[in-house]
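# A look at the structure
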Amino acid sequence: MTPEDKHLYSNFDYQSALSVQEGVQQPDQVNNTYLQRMKARKRVEPTVEELVSGIMHGDRTMLSRAITLVESSLIEHQRKAQQVIERCLPFAGKSVRLGITGVPGAGKSTTIEALGKYLTSHNHKVAVLAIDPSSERSKGSILGDKTRMEELSVDPNAFIRPSPSAGSLGGVARKTREIIVLCEAAGFDVVIVETVGVGQSEVAAHSMVDFFLLLQLANTGDELQGIKRGIMEMADMIAINKCDIDPVKAELAATQYRNALHLFPMPESGWMVEVMLCSAYTHQGVPDLWNKVMEYVTFTKSNGYFYHKRQQQNLRILRETIENGLRDRFYNAPGMEARMDAICQDILDNKVSAYAAAEALLDSHNSSN
């Protein structure tokens, strides 16, 4: 490089291509003014008195927050929820409790929306408790049944609350009975419980409602399916849904179910179980469905079975609450987690059988109490 070139480059202000230019300073992710405003509006947990007063005055927000307390697993939330339920209990029990079940795809959500819209148009207040199955792997639930009831969800006389089954058997959530009490105290005169549709062993749902409706489809099996016991024996009425698709096959299915019902013993209620055709999509048979529900309520109230069934349901709640409490106390006992880990390892090492290990844990728990 010549002296002239050096002099030229020394007077030239340049930057390397590898140098990093200063960027524009990015704004904060969240507006500080918004954060301050939200902090000022931080939600304060309502008291038991505020929750009860809100429920009694039909406040949907207070009802929803009370249901959230009921569904919570925190001890302090459970104690608060029980106080709310005790205060609401004298104002409950005046509704018609309707349970709807059926195989997945039978049209339970569509039927509930059609029936709910029919009831609200006749000045009824309808609460829908839609139970969504929880994943055995992630323990989560979609809680998407409300999206299937687009019209009913915006009806001012309807309240839809999806809840996770949270591992409870029988197609219903563990806290559904307590939620029914809150909805009745809020003034809802019809409470509809939609189960997850688990098949032929739904005992829990039947034990918390007055009328149990079983939705079926045509072409879901041979005549033997209708004779199988279990869910068929619990139904107070069977409805063949989606009858508009193939009326001939729907009527054939209804005939098969009617023949099967003759093989069953007479229900304790004395009510003759009927089979009807309906289509939630076209609303065919929906008014007749509700008329049959009211006929059943009138019939069972006249012979006393309606009140007897509710008393038996209360006794069942007592037994189930004791069983759940004993299970929770067992697993939450001091040192139980360590003992469980140790004895599980013994089972994996084939040092002890699972049955003997269970007996040993129960004996140690009883002796410590």
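Residues numbered from 1 in each chain as written. Predicted model: local features only at pLDDT ≥ 70, side-chain atom pairs only at ≥ 80, totals over all residues. Heavy atoms only, no water.

## Focus: the packing of aromatic side chains
How two aromatic rings sit relative to each other is given by the distance of their centres and the angle of their planes. For clarity, the threshold we go by: Centres within 6.5 Å make a pair out of two Phe, Tyr or Trp rings, where for Trp the six-membered ring is used; the pair is then stacked when the planes are under 30 degrees apart, edge-to-face when over 60, and tilted otherwise. Helix and strand assignments come from DSSP, with helices taken as H or I runs of at least 4 residues and strands as E runs of at least 2, each series counted from the N terminus. Under the scheme applied here, a residue whose accessible area is under 20% of the maximum for its type counts as buried, over 50% as exposed, and between as partly exposed, the area being computed with a 1.4 Å probe on protein chains only.
In total, this model carries 6 aromatic pairs according to the counting rule given. For the pair Phe211 and Tyr296, a centre-to-centre distance of 5.1 Å together with 75 degrees between the ring planes defines the contact as edge-to-face. Remark: Tyr296 occurs in helix H12 (residues 286-303) and Phe211 occurs in strand S5 (residues 211-216); sequence separation between them is 85 residues. Grouping residues by exposure puts Phe211 and Tyr296 together as buried. For the pair Phe306 and Tyr307, a centre-to-centre distance of 5.5 Å together with 80 degrees between the ring planes defines the contact as edge-to-face. Assessed through its relative accessible area of 6%, Phe306 is described here as buried. Assessed through its relative accessible area of 45%, Tyr307 is described here as partly exposed.

## Looking at the nonpolar core
Worth spelling out the cut-off: Remark: nonpolar core denotes a set of buried residues (Ala, Val, Leu, Ile, Met, Phe, Trp, Tyr, Cys) joined through side-chain atoms within 4.5 Å. Whether two residues are in contact is decided by their heavy atoms: any pair within 4.5 Å suffices.
Ile55, Val84, Leu182, Ile192, Leu213 and Ile238 are the most contacted members of the largest nonpolar core, which totals 81 residues. Apart from the residues within four sequence positions on either side, Leu213 is in contact with Leu98, Gly99, Ile100, Thr101, Met237, Ala239 and Leu289. The next biggest cluster of nonpolar side chains, apart from the first, holds 6 residues, and it includes Phe330, Ala333, Ala357 and Leu361.

## Topic: the pattern of salt bridges
Selection criterion: The term salt bridge refers to a pairing of a side-chain nitrogen on Lys or Arg with a carboxyl oxygen on Asp or Glu at a separation within 4 Å.
Tallied over the entire structure, the rule returns 11 salt bridges. Close ionic contact of Glu49 with Arg87 constitutes a salt bridge, the shortest N to O distance being 3.7 Å. Of this pair, Glu49 sits in helix H3 (residues 48-56) while Arg87 sits in helix H5 (residues 75-88), placing them 38 residues apart in sequence. One salt-bridge network, in which partners are shared between bridges, spans Arg177, Arg316 and Glu320.

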